[in-house]
Every structure is written in structure tokens, then in C-alpha cells.
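Summary of the model geometry
In case you want the letters, here they are:
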Amino acid sequence: AIDISKLRDLTGHITLDFGYKNTGSTKSAITFLDGEEGILKYRGYSIEELAEKSTFLEVSYLLIYGNLPTQTELDNFQTLISRHTLIHEDMKKFFDGYPSKSHPMGQLSALVCSLSAFYPESLVAEQTKEEQELTMIKLLAKMPTIVSWIYKKSLGHPLIYPRNNFDYVTNFLNMTFGQRTEDVTIDPVVVSAMNTLLILHADHEQNCSASTVRMVGSSDCNLFASISAGISALWGPLHGGANQAVIEMLELIKADGGDTEKWINKAKDKNDPFRMMGFGHRVYKNFDPRAKIIKKACDDVLEKLGINDPILSIAKRLEEAALSDPYFIERKLYPNVDFYSGIIYRALGFPTDMFTVLFALGRLPGWIAQWKEMHENKEPIGRPRQIYTGHTNRKYVDVNGR
Ligand code: ACO
């Protein structure tokens, strides 16, 4: 391990790298990504194998603690989480306060930050390892409850309390789609699809939101506030918000008669601000491996649920046209994780504005792992430099003379 405190302070030498295209911000042992080859691994395990064989809870454990859990470790993890799934009753007042049409990402960010008010032990800068771990467990446990309740409130439906005899994903789906009087039977196809989607979103090394979580956490800010900042970073349509933007785009193309060629041309036109949402990636210059898995899952889920969604065929036609178009080939623009995920969320019954919230639910263990690693590495406060381009000396003129 490197001793960060011994790294030389190169004061006076500034690297200017807009968007940090070539600047590493940390050393990390969590996620490996090879964008040229299209490889993604969590803690050394391929994303393909984890998506096929694991559950989201196992992957959460893997990301946070570094190894896949034994059966006993997994049982203990599940039990510990199920003890903390409730949120403070007073927090329900927040849900009542939001207009029913307010965007769920704004609510999620605010509610996660507000957890710090209800669980003040999270504010102690010098938390013991046990206290820190309990805060992480609380957040993992309460996030599905918060997400489900945001959704229920948006519908004006009664809130469904957590059922601790259910596994993590089934409990989430029951709170989201269940009724007060009885549990709905959650289709195993839906549980499995949800597990796959959450696993595929669970971490992605130093992206905009993970870097935000590390940056905010580097000031010794508590976990809830750091992750709330990550949620805000994820909201943007160039990051996690793309999954909502993709469906809106596909709907627009459908309403416009489904002429995919016209929209491909729009995306290529430099005088047109339109971008092909769900295409391109800062790091992947090859197929996003998550997009491959999601595309297949999309076909499977729609078939098993007997859903025929016309926007799926529009998406496939767009992909096909883009993959043989010189503009997309030269710029190495391939479908990313967001291109097909929204079609599955839609098939499972989620409204479009919940898509990015579901991304956040999946990304949570990754953010927690990044925050934890940053603390364990004892990384210094993040503080980039700048090249000043403003005025040098200006003479102050009184307001009457300006
Ligand atoms: N549609 C059309 N052209 C595109 C697209 C697109 N989706 N993405 C990139 N390009 C073009 C750019 O116009 C640029 O062309 P130029 O060289 O002629 O100027 C070139 O490809 C390089 O693009 P940059 O914007 O420089 O690439 P950057 O790495 O900064 O951006 C990003 C990556 C933000 C993902 C971009 O590809 C994009 O906006 N995609 C659409 C939004 C999206 O799907 N975001 C989700 C990303 S995955 C995630 O965060 C979970």
C-alpha cells in the first residue's frame, strides 16, 4: 500500500485536464474496467458471471467487504440489514411535503441526506469501525424503503412497510408494488430481472457520482451526506439520468413515425444539439459489457412477461443503424448501460421518472465501498487546482460611478 502522506506536493505544477479525461484521482481495488476491451470486473469477478450466478445482496457484500460472503456471512448480513429497514416515523412528514409530481431524484437526494438528522451517530468524524459499519448497514437497509415510499406517495397510495422475512429485492418489490391488505406475489421473473439490473449498476469505478462521493467524503463529511451528493451527480442526463432520457427519446421517435434514419442523422448533425441518448461512454470505446447483458435480459423479460413493446424494436433498429454508420464507428460510440435498461424497468411496471432512482438503488453498495476505501486509504481532502483566466488588477469604482 502506498503511504499517501509521503507523496510529494508538487506545488506550482498544475495539470489542466478538463473533465479529468486522463487524470487518476485514486488507487482502488474495487472495480476493474478496460474500456478498450469492454471488460468489467468487481473485485476480480467478471460482471457476466456475477449477473448470471449471484444476487444483489451478495454483490453488495463483495463490493463493500472485498470477498463473496460464505452462507453464514450472507445470512448475518441479511439479518443485520432486515433489522434496520424501517425509517424514523417522523421522516414520513417529508414524503407528505413534496408535491406528488416532484422528481423522485430530488426527493431521494434530500431524504438520504436527512437520514443524518435522524441518525446523528453518523456525524461523528472519528467513528469507530463498528459505528461506521452500522451506518453503512442502515443506509443499505433504508434505501429500498425510501425509494418505494417515494413511488407510493407519487401515486397517492398507502405506504407498505418492509417485510423482513423477504429477501432484499423481494422486499423492495413488495413495498413498491404490494397492497396494504395482502402481499402481492412477486413474479420470480421480475425478482431475477431486478437482481440482474441492480448487480449491473452496482459499481463503475471513478465515474462522476462515485468521484463525487469520494470528494465529499474526503472532507470527513458523513456517509449520508456524501451519498446524497452522489445521488445528485447521478441525476444528470449525461450520467444516470440517461436511462430516463433514452425512453423519452424512443417515445419521441415512435410518435414521430419511427423514422430511425432521420434521428441518426440528427445525432450526427453538429448544428443540432440532439445526442443519441444511451450511446457513447467516456471510458468504453468498445461495447459496454453491461449493455450486452441487459439487451439479452430485455428480450428474455419481455418474452416471459408476454409484453410487446414497440419501442424495443425502435431501439434495436437504432443500434443496428448506428453500428454500421461511419460517424458512430469513428467515434467508437456503442450502446451503454442505459440504452436498454429503461425498457426492462418499463416492462416491470416502473414509471419513467423512477428509472434513475433505480440506478441509484443499484449503485449504492458501490458508492459505500468507494467511501469506505477512501477512508481506509486515509486519502487527503480532494482539492483540484485551476488556471486563473480572470482580470488581474482592477480599480474599485464606487456604485455611483460604474
Ligand atoms: N450522440 C451523438 N454524438 C455523440 C454522442 C451521442 N450520444 N456521444 C458522443 N458523441 C460525439 C461527440 O459529439 C463528439 O464528436 P466530435 O468529436 O465530432 O466533437 C465525440 O462523439 C466525443 O464525444 P464527447 O462528448 O467528447 O465524449 P465524452 O467522453 O465527453 O462524453 C458521454 C461521454 C457524456 C457519455 C457522451 O457520449 C454522451 O453525451 N452520451 C449520451 C448520454 C448518455 O448516454 N449518458 C450515459 C453514459 S453511461 C452512464 O453514465 C451510466
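No experiment lies behind these values; they were computed from the predicted model shown.

Per the secondary structure count, the protein includes 17 helices and 3 strands. For the protein, whose C-alpha radius of gyration is 22 Å, the value lies close to the compact-globule estimate of 21 Å for 402 residues. Reported as C-alpha extents along the three principal axes, the dimensions of the protein are approximately 70 × 55 × 55 Å. Within the span of the protein, comprising 402 residues, buried residues form 43% of the whole. In the protein, 77% of the contacts between residues at least 6 apart in sequence involve partners at least 24 apart.

So, about the site of the ligand. Taken together, 19 residues surround the ligand, and among them A242, R275, M276, G280 and R282 come closest. Taken together, the residues that form the shell around the ligand break down as 8 nonpolar, 7 polar and 4 charged.

Before going further, it helps to spend a moment on the environment of I293. Following the sequence through the fold, I293 ends up in helix α13 (residues 289-304). According to the C-beta neighbour criterion, I293 is buried, with 22 such atoms within 10 Å. Considered as a pair, I293 and L200 are 93 residues apart in the sequence and their alpha carbons are 8.5 Å apart. Among residues more than four places away in sequence, those in contact with I293 are E48, A51 and L200.

Another point: the environment of D325. By the element assignment, D325 lies in the loop between α14 (310-323) and α15 (326-330). Through-space distance from the C-alpha of D325 to that of I264 is 9.0 Å; in sequence the pair is 61 residues apart.

Here helix α2 (residues 56-65) crosses helix α3 (residues 71-82) at 100°, and the two axes come no closer than 11 Å. Taken together, the axis directions place α2 and α3 in an arrangement best described as roughly perpendicular. Between α2 and α3, the contacting residues are L57, E58 and Y61 on the first element and E73, L74, F77 and Q78 on the second. Class assignment for the residues of the contact of α2 with α3 results in 4 nonpolar, 1 polar and 2 charged.

On to the sheet that holds strand β1 (residues 31-34). The sheet built from 3 strands is open, its strands ordered β1-β2-β3 with antiparallel pairing. With partners counted over all chains shown, the strands left at the sheet margins are β1 and β3 (45-46), one partner each. Pairing geometry for β1 and strand β2 (residues 39-42), over 4 bridges, is antiparallel. In the sheet register, L33 faces β2, and the bridge partner there is L40.

Moving on to the nonpolar core. One finds L108, L139, I146, I294, I344 and V357 to be the most contacted residues of the largest nonpolar core, which totals 107 residues. Looking at this core, the element that brings in the most residues is helix α17 (residues 355-376), giving 12 residues. Sequence-distant contacts of V357, that is, excluding residues within four places in its chain, are made with P104, M105, L108, V147 and I150.

The next subject is the pairing of β2. Residue alternation in β2 divides its side chains into a buried set, L40 and Y42, and an unburied set, I39 and K41. Where β2 folds back onto β3 in an antiparallel hairpin, the turn is made up of 2 residues, including R43, whose phi is positive at roughly 50°.

On to helix α6 (residues 129-155). Given a rise of 1.5 Å per residue, 27 residues ought to cover 39 Å, and the 40 Å separating the end C-alpha atoms of α6 matches this to within 8%. A maximum bend of about 30° is found in α6 at K142, where proline P144 lies one to four positions downstream. Here α6 lies mainly inside the structure; 19 of its 27 residues are buried. In the stretch just after α6, G156 is the one whose phi turns positive, near 80°.

Look at Y20: it is not a glycine, yet its phi comes out positive at around 50°. Checked against the element boundaries, Y20 lands in the segment before β1. The exposure class assigned to Y20 is partly exposed, which follows from the 14 C-beta atoms found within 10 Å. Here the phi dihedral of K332 falls at roughly 55°; this positive angle occurs in a residue that is not glycine. Looking at the secondary structure, you find K332 in the loop between α15 and α16 (338-348).

A few words now on the confidence of the model for the protein. On average, residues of the protein carry a pLDDT of 93, and 96% of them reach 70 or more. Across the assembled chains, the prediction reports ipTM 0.95 with pTM 0.91.

With that out of the way, let us pick up helix α11 (residues 242-255). Over its 14 residues, α11 extends 20 Å from the first C-alpha to the last, a length consistent with the 20 Å expected when each residue adds 1.5 Å. If you check which residues of α11 are buried, you get A242, N243, Q244, A245, V246, I247, M249, L250 and I253.

The next subject is the packing of helix α8 (residues 188-200) against α16. α16 packs onto α8 with a crossing angle of 150° between their chain directions and a minimal axis gap of 11 Å. Considering their axes alone, α8 and α16 lie roughly antiparallel with respect to each other. Considering the relative orientation of α8 and α16, their crossing is left-handed. Residue-level inspection shows V190, A193, M194 and L197 of α8 in contact with α16, the latter providing S341, I344 and L348. A class-by-class count of the residues in the contact of α8 with α16 yields 6 nonpolar, 1 polar and no charged.

With respect to the secondary-structure elements, N400 resides in the segment after α17. Taking the C-beta count within 10 Å as the criterion, N400 has 5 such neighbours and is therefore assigned exposed. With 148 residues separating them along the chain, N400 and L252 place their C-alpha atoms 53 Å apart.

The rules behind each value
- Residues numbered from 1 in each chain as written.
- Predicted model: local features only at pLDDT ≥ 70, side-chain atom pairs only at ≥ 80, totals over all residues.
- Helix = DSSP H or I, 4+ residues; strand = E, 2+ residues; numbered from the N terminus.
- Rg over C-alpha atoms; globule rule 2.2 N^0.38 Å.
- Buried ≥ 20, exposed ≤ 12 C-beta atoms within 10 Å, placed from the backbone.
- Contact = placed C-beta atoms within 7 Å.
- Near = placed C-beta within 6 Å.
- Nonpolar A, V, L, I, M, F, W, Y, C, P; charged D, E, K, R; others polar.
- Axes fitted to C-alpha atoms, helices over the stretch in contact; angles between N-to-C directions.
- Parallel < 35°, antiparallel > 145°, perpendicular 65-115°, else oblique.
- Pairing = 2+ DSSP bridges.
- Core = buried A, V, L, I, M, F, W, Y, C linked by C-beta atoms within 7 Å.
- Expected span 1.5 Å × (residues − 1).
- Bend = angle between axes of the 7 residues up to and from the residue.
- pLDDT = per-residue confidence, 0-100.
- Left-handed = near helix turned anticlockwise from the far one by under 90°.

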